[in-house]
Amino acid sequence: MEVGEVRIAEDTDFALLKVLLTRNEGWTVEYNSGSTTVSSRAMDPSTFRMIRMKTTFKDIDADTLYDVLHDPEYRKVWDKHMLESRDLGCLNPNNDVSYYAMKCPPPIRNRDFVIQRSWIQTPKEYYILNHSVFHKSCPRRKDFVRGLSHLTGFLITPLEKGCELGYVAHSDPGGKLPVWITNKLSTVLAPKIIKRLYKATGNYNNWKQFNRPGWKPWLYPEQMEKRISIEDCVRDEGSDASTPEDESQLEEDDLQFQAE
C-alpha cells in the first residue's frame, strides 16, 4: 500500500512481504550471528535502504510471539524506544490506525509515525504489516520529526519446536539524515531489538496473567473499542510548513547508544 492510502489490506499486500523475505536477489548481508541475519537493499529513488531481518526462536511458540508484537500494553514494558502510543481506531477486525512516538539515540531528534496496521493468521503463518497514513488528530509536533513507513512487516512461521521470525522495514525517518544511519541501524540496533524481543516474549505469559489476561482484541475483535472514519485520515496541510530538521552533518561517533 502507498503512504497515505487507507483501505483494507488484501492478500497481495501480505504476499509482497513473503516475497521480500524469501527471495535473495538484491540483498546484501550486513550482520550474521547465530540464527540471526540482517540484510539491506537499495530502494530507488529512496536514499534509505530496506532492512530485512530473519531469526529463529527455538523455545518461543508462534502464538506468544504474535501476541507480544500486538499487545500495546505490554509494549510499554519491553519497547525501550517507545515514548508514546495510542490507538486511533479500527477499520475492521484486521486493520487499525495508531500513533507511535519513539526515542532515537542522541543527538538524533526523536521521531513519530501515524500508521495503519494490518494482520492476518493462516494455519501456517502469521502476518503483521504497517505503513504510514495521516489522521487529523495527529498533526506534526514541534518536539518530533515525522517519519514515514513505506512498508514494515513481520512474518511468523510456527515450527515443530519454536518459530521463525522475518522482519522487513523500509522507512523514511524524515528530516535530513546521513545515509550511513541505515547501516548503523542494521548492524547495531536491529540485533539488539531481536534480543530484547526474545526476552520480552519469554516473560509475556507471566506478565499477561496479571494484566487483563482475557484482553486480546487482535484475536477477539468484539473487544475493539472504537472504529475510525476514513474521512478523518487526511493530511494536515498546515503541519507540513515547518523546515525539515537538518541532521546531515552527524558523525557516527556522535551517536549515543543505550547500553543493554
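Since we're looking at a predicted model, the values are computed, not measured. (Residues numbered from 1 in each chain as written. Predicted model: local features only at pLDDT ≥ 70, side-chain atom pairs only at ≥ 80, totals over all residues. Heavy atoms only, no water.)

Novice: Mind laying out the overall build of the chain, listing which residues take part and the relevant values?
Specialist: When its secondary structure is counted, the chain shows four helices and 10 strands. Scaling as 2.2 N^0.38, a compact globule of 260 residues should have a C-alpha radius of gyration of about 18 Å, and the chain matches this with 18 Å. For the chain, the spread of C-alpha atoms along the principal axes amounts to about 50 × 45 × 35 Å. Expressed as a percentage of the 260 residues in the chain, the buried residues total 45%. If you take every contact in the chain between residues at least 6 apart in sequence, the share linking residues at least 24 apart comes to 66%. For the chain, the exposed area adds up to about 13700 Å²; of that, 50% sits on carbon and sulfur atoms. Separation between the mean location of the 35 positive side-chain charges and that of the 39 negative ones in the chain comes to 3 Å. (Helix = DSSP H or I, 4+ residues; strand = E, 2+ residues; numbered from the N terminus. Rg over C-alpha atoms; globule rule 2.2 N^0.38 Å. Buried < 20%, exposed > 50% of the residue type's maximum accessible area, 1.4 Å probe, protein only. Contact = heavy atoms within 4.5 Å. Areas by Shrake-Rupley, 256 points an atom, 1.4 Å probe, with all protein chains shown as cover. Lys, Arg positive; Asp, Glu negative; His and termini not counted. Charge placed at Lys NZ, Arg CZ, Asp CG, Glu CD.)

Novice: Which residues make up the pattern of salt bridges, and what are the values?
Specialist: Under the counting rule described, the total for this entry stands at 14 salt bridges. Aspartate 79 is the salt-bridge partner of arginine 75, the closest N and O atoms lying 2.7 Å from each other. Arginine 75 sits in the partly exposed class, given a relative accessible area of 28%. (Salt bridge = Lys/Arg side-chain N within 4 Å of Asp/Glu carboxyl O.)

Novice: How would you sum up the environment of tyrosine 31? Please name residues and give values.
Specialist: Relative to the helices and strands, tyrosine 31 is located in strand β1 (residues 28-33). You can call tyrosine 31 partly exposed: its relative accessible area is 23%. Sequence-wise, tyrosine 31 and valine 114 are 83 residues apart; in three dimensions their C-alpha atoms are separated by 29 Å.

Novice: Explain the pairing of strand β9 (residues 148-158) residue by residue, including any values.
Specialist: Judged from the five bridges that link them, strand β7 (residues 126-132) and β9 form a sheet pairing that is antiparallel. Bridge assignment links tyrosine 126 to a residue of β9, and that residue is isoleucine 156. The pairing of β9 with strand β10 (residues 163-172) spans 10 bridges and is classified as antiparallel. From the neighbouring strand, serine 149 faces β10, where its bridge partner is serine 171. Turn length for the β9-β10 hairpin, with the two strands adjacent in sequence and antiparallel, is four residues, and the turn residue glycine 162 shows positive phi of about 85°. (Pairing = 2+ DSSP bridges.)

Novice: Report on the state of the cysteines, specifying residues and quantitative values.
Specialist: Cysteine pairs can be covalently joined through their sulfur atoms, and such a bond is termed a disulfide. Taken as a whole and judged by the stated rule, the model has zero disulfides. Cysteine 138 supplies the cysteine sulfur nearest to cysteine 233, a cysteine that is in no disulfide, at a spacing of 9.7 Å. (Disulfide = S-S within 2.5 Å.)

Novice: How would you summarise the environment of valine 145 if you had to cite specific residues and measurements?
Specialist: Mapped onto the elements, valine 145 comes out in strand β8 (residues 145-146). Residues valine 145 and proline 217 lie 72 residues apart in sequence; the distance between their C-alpha atoms is 30 Å.

Novice: If you had to explain the side chain of aspartate 112 to someone new, which residues and values would you point to?
Specialist: Topologically, aspartate 112 is positioned in strand β6 (residues 111-121). The exposure class assigned to aspartate 112 is buried, which follows from its relative accessible area of 0%. Here arginine 146 takes part through its side chain, which lies 2.8 Å from a polar atom of the side chain of aspartate 112. (Polar contact = N/O pair within 3.5 Å; in protein donor to acceptor, adjacent residues only side chain to side chain.)

Novice: Quick one: what's the story with unusual backbone geometry, residue by residue and with numbers?
Specialist: Glycine aside, a negative phi is what most residues show, and trans is what most peptide bonds show. In this structure, proline 45 follows aspartate 44 across a cis peptide bond, with omega equal to 0°. Of the consecutive residues proline 106 and proline 107, the connecting peptide bond is found in the cis state with omega at 5°. Tracing the chain through its elements places proline 107 in the loop between β5 (95-102) and β6. For arginine 212, which is not glycine, the phi torsion reads 50° and is therefore positive. Here arginine 212 lies in the segment after α4 (180-208).

Novice: Account for the packing of aromatic side chains, with residues named and values stated.
Specialist: One pass over the structure, following the stated rule, counts eight aromatic pairs. Between tyrosine 74 and tryptophan 207 the ring centres are 4.8 Å apart and the planes differ by 45°, which places this aromatic pair in the tilted class. Of this pair, tyrosine 74 sits in helix α3 (residues 72-78) while tryptophan 207 sits in helix α4, and the two are 133 residues apart along the sequence. With respect to burial, tyrosine 74 and tryptophan 207 carry one shared label: buried. Taken together, the ring pairs in this structure connect Tyr74, Tyr204 and Trp207 into an aromatic cluster. A cation over an aromatic ring shows up here: arginine 212 above the ring of tryptophan 215, its NZ or CZ 4.3 Å from the ring centre. (Phe/Tyr/Trp six-rings, centres within 6.5 Å; stacked < 30°, edge-to-face > 60°. Lys NZ or Arg CZ within 6 Å of the ring centre and 35° of its normal.)

Novice: Kindly report on helix α1 (residues 11-22), identifying the contributing residues and their values.
Specialist: Working note: α-helix, 3.6 residues per turn, so residues spaced by three or four point in the same direction. The end-to-end C-alpha distance of α1, which contains 12 residues, comes to 17 Å, matching closely the 16 Å that a straight helix rising 1.5 Å per residue would cover. Burial in α1 covers these residues: Asp13, Phe14, Leu17, Leu20 and Leu21. Buried residues of α1, seen end-on, are gathered within an arc of 115° and therefore sit on one face of the element. Across α1 from its buried face, at more than 90 degrees, point the exposed residues Asp11, Thr12 and Thr22. The inward-facing, buried residues of α1 contact β2 (36-41), β3 (50-57), β6, β7, β9 and β10. (Expected span 1.5 Å × (residues − 1). Arc of directions from axis to C-beta.)

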